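# Reading the structure
Residue strings, one per chain:
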Amino acid sequence: MNHEIVVKLSKFAMIMSIIGLCTLGVCPAFGIMGIAVGLVFKRKGVKLNSACQKIIKTAGLLGGISLLLFVVDIILAYVFLV
């Protein structure tokens with residue numbers, strides 16, 4: 001696989017995870033995209049350099065936090081609207 005594409009997708013995953021975190025989980029699609037890129041790379045057996053591995057790991061972590069914030073948003077909406 002083209003190394004440039006892998007680097008761009010890694011950066012895309014990181015950006016999506018950061019956006020998901022900045023929006024406090026309101027739109028879970030950003031966090032899911034951050035996680036999905038790493039999962040696709042793992043599933044396809046893509047060889048990553050150490051920088052890309054670090055970016056993908058961080059993106060997965062931030063994407064997970066974004067999804068947790070989405071759950072918190074749903075709980076808060078339920079508590080304050082009911």
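Scroll up a little and you will see the structure.
None of these values were measured; they are calculated from a predicted model.

It is the contact of helix H2 (residues 28-44) with helix H3 (residues 50-81), at a shortest axis distance of 8 Å, that shows an interaxial angle of 145 degrees. Our pair here, H2 against H3, has a crossing hand that is left-handed. Residues Pro28, Gly31, Ile32, Gly34, Ile35, Val37, Gly38 and Phe41 of H2 form the contact with H3, whose own contacting residues are Ile56, Ala59, Gly60, Gly63, Gly64, Ser66, Leu67 and Phe70. Partitioning the contact of H2 with H3 into residue classes produces 9 nonpolar, 7 polar and no charged.

On to the pattern of salt bridges, then. Evaluated as defined, the whole model comprises 1 salt bridge. A salt bridge links Lys8 to Glu4; the nearest nitrogen and oxygen atoms lie 3.2 Å apart. With Lys8 and Glu4 both in helix H1 (residues 3-22) and 4 residues apart, this pair spans about one turn of that helix. Note on Lys8: relative accessible area 54%, which makes it exposed.

The terminal C-alpha atoms of H2, which comprises 17 residues, lie 24 Å apart, in line with the 24 Å expected from a rise of 1.5 Å per residue. Residues Gly31, Gly34, Val37, Gly38 and Phe41 constitute the buried set of H2.

A surface patch of nonpolar side chains, amounting to about 1000 Å² of accessible area, comprises Val71, Val72, Ile75, Leu76, Tyr78, Val79, Phe80, Leu81 and Val82. Tracing the sequence through the fold places Leu81 in helix H3.

In this section: the packing of H1 against H3. Where H1 meets H3, the closest approach of the two axes is 8 Å, and the angle between their N-to-C directions is 25 degrees. Taken together, H1 and H3 sit at an angle that is classed as roughly parallel. Handedness of the H1/H3 crossing: left-handed. Contacts from Val6, Val7, Ser10, Lys11, Ala13, Met14, Ser17, Ile18, Gly20 and Leu21 of H1 reach H3 at Cys52, Ile55, Ile56, Thr58, Ala59, Leu62, Gly63, Ile65, Ser66 and Leu69.

Calculation criteria
- Residues numbered from 1 in each chain as written.
- Predicted model: local features only at pLDDT ≥ 70, side-chain atom pairs only at ≥ 80, totals over all residues.
- Heavy atoms only, no water.
- Axes fitted to C-alpha atoms, helices over the stretch in contact; angles between N-to-C directions.
- Helix = DSSP H or I, 4+ residues; strand = E, 2+ residues; numbered from the N terminus.
- Left-handed = near helix turned anticlockwise from the far one by under 90°.
- Contact = heavy atoms within 4.5 Å.
- Nonpolar A, V, L, I, M, F, W, Y, C, P; charged D, E, K, R; others polar.
- Salt bridge = Lys/Arg side-chain N within 4 Å of Asp/Glu carboxyl O.
- Buried < 20%, exposed > 50% of the residue type's maximum accessible area, 1.4 Å probe, protein only.
- Expected span 1.5 Å × (residues − 1).
- Patch = residues over 30% accessible without salt bridge, like charges linked within 9 Å, V, L, I, M, F, W, Y side chains within 5 Å.
- Areas by Shrake-Rupley, 256 points an atom, 1.4 Å probe, with all protein chains shown as cover.
- Parallel < 35°, antiparallel > 145°, perpendicular 65-115°, else oblique.

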